[in-house]
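Breakdown of the fold
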Amino acid sequence: MDTFLPPVEKPKALMMKLAYYFTRRQFGKVLTPLKVHSVRLPLAFGLFYTKIGKLDKKLVLPPETALLIREQVARINVCLFCIDIGRSFTIKASMNEAKFDALEQYRTSVLFTDQERAALDYVTELTRDKKANPETFARMSRYYSEREICEIVWLVASEHLYNMTNIGLNIHSDMLCDISRKKQN
């Protein structure tokens, strides 16, 4: 399906030309959200989006937990681009892809710990219902520090920003998983 706004293949601004170059170099292609959304806004908006990734590097949560949370939010919101890019990061980091494949069955899969289940239950409620049950929060808080809980909330909130941007402009998968797998071989 086509995006609601046509992708801009040749940006005019020098900084955007550089952004296209660096994303092509990093991902093997210019990402559709960049060509549809960021290119049409002042540079500061695009820089804000890149800041989210930089802030994620300051998390104390394990990277796999952070990616599982982002993937769960994207899955619930049905953001195909975000599901794809999250999986591509999983592939690049050589994380357990079977665990990501089993995300829909996290409550019963032996691949997940009770700690991960508690976080994913909270994330699922927060994403789906826009609120969380106090019992779900209490169970999660047995496993995570106050800082980690705030990081989990950050991941849900910032993933919503990505998801709504892509869903709102009908941006779908860029097939980044396929590109990542080819680079590994």
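For the structure, see preceding data.
Our subject in this report is the structure included herewith.

Parameters at a glance
Residues numbered from 1 in each chain as written. Predicted model: local features only at pLDDT ≥ 70, side-chain atom pairs only at ≥ 80, totals over all residues. Heavy atoms only, no water. Phe/Tyr/Trp six-rings, centres within 6.5 Å; stacked < 30°, edge-to-face > 60°. Lys NZ or Arg CZ within 6 Å of the ring centre and 35° of its normal. 1 Å grid on protein atoms, 1.4 Å probe; cavity = no way out; pocket = protein on both sides within 12 Å on 5 of 7 lines; lining within 4 Å. Points joined across faces, edges and corners; volume = space filled by probe spheres on them. Helix = DSSP H or I, 4+ residues; strand = E, 2+ residues; numbered from the N terminus. Nonpolar A, V, L, I, M, F, W, Y, C, P; charged D, E, K, R; others polar. Salt bridge = Lys/Arg side-chain N within 4 Å of Asp/Glu carboxyl O. Patch = residues over 30% accessible without salt bridge, like charges linked within 9 Å, V, L, I, M, F, W, Y side chains within 5 Å. Areas by Shrake-Rupley, 256 points an atom, 1.4 Å probe, with all protein chains shown as cover. Expected span 1.5 Å × (residues − 1). Buried < 20%, exposed > 50% of the residue type's maximum accessible area, 1.4 Å probe, protein only. Contact = heavy atoms within 4.5 Å.

1. Considering the packing of aromatic side chains
- Under the criterion given, the structure shown has 6 aromatic pairs.
- Here the aromatic cluster, defined as three or more aromatic residues joined through ring pairs, consists of Phe48, Tyr49 and Tyr162.
- For the cation-ring pair, Lys99 lies above Phe112, with the distance from its terminal atom to the ring centre recorded as 5.6 Å.

2. Some words on the layout of surface pockets
- The volume enclosed by the largest pocket comes to roughly 1400 Å³.
- If you list the elements that add at least two residues to the lining of the largest pocket, you get α1 (14-27), α2 (32-36), α3 (43-56), α4 (63-77), α5 (80-92) and α9 (146-168).
- With 9 residues, the top contributor of residues to the lining of the largest pocket is α3.
- For the lining of the largest pocket, the per-class residue count stands at 26 nonpolar, 10 polar and 6 charged.
- The calculated volume of the second largest pocket comes to roughly 200 Å³.
- Taken together, Glu71, Arg75, Leu80, Ile83, Asp84, Arg87, Phe100, Asp101, Leu103, Glu104, Ser173 and Cys177 make up the lining of the second largest pocket.
- Those elements that place two or more of their residues in the lining of the second largest pocket are α4, α5 and α6 (97-101).
- Top contributing element to the lining of the second largest pocket by residue count: α5, with 4 residues.

3. Comments concerning the pattern of salt bridges
- If you walk through the whole model with that rule in mind, you get 12 salt bridges.
- Counted as one network, the salt bridges with shared partners bring together Asp56, Arg70 and Glu159.

4. Here we look at a nonpolar patch on the surface
- Together, Leu14, Met15, Leu18, Tyr21, Phe22, Leu43 and Leu47 give the surface a local cluster of nonpolar side chains, amounting to about 690 Å² of exposed area.
- The greatest single-element share of the nonpolar patch, amounting to 5 residues, is contributed by α1.
- Mapped onto the elements of the fold, Leu14 is located in helix α1.

5. Quick word on α3
- With 14 residues, α3 ought to run about 20 Å at 1.5 Å a step, and its terminal C-alpha atoms sit 21 Å apart, in line with that.
- The complete set of buried residues in α3 reads Gly46, Tyr49 and Ile52.
- Tucked into the core, α3 has its buried residues touching α4 and α9.

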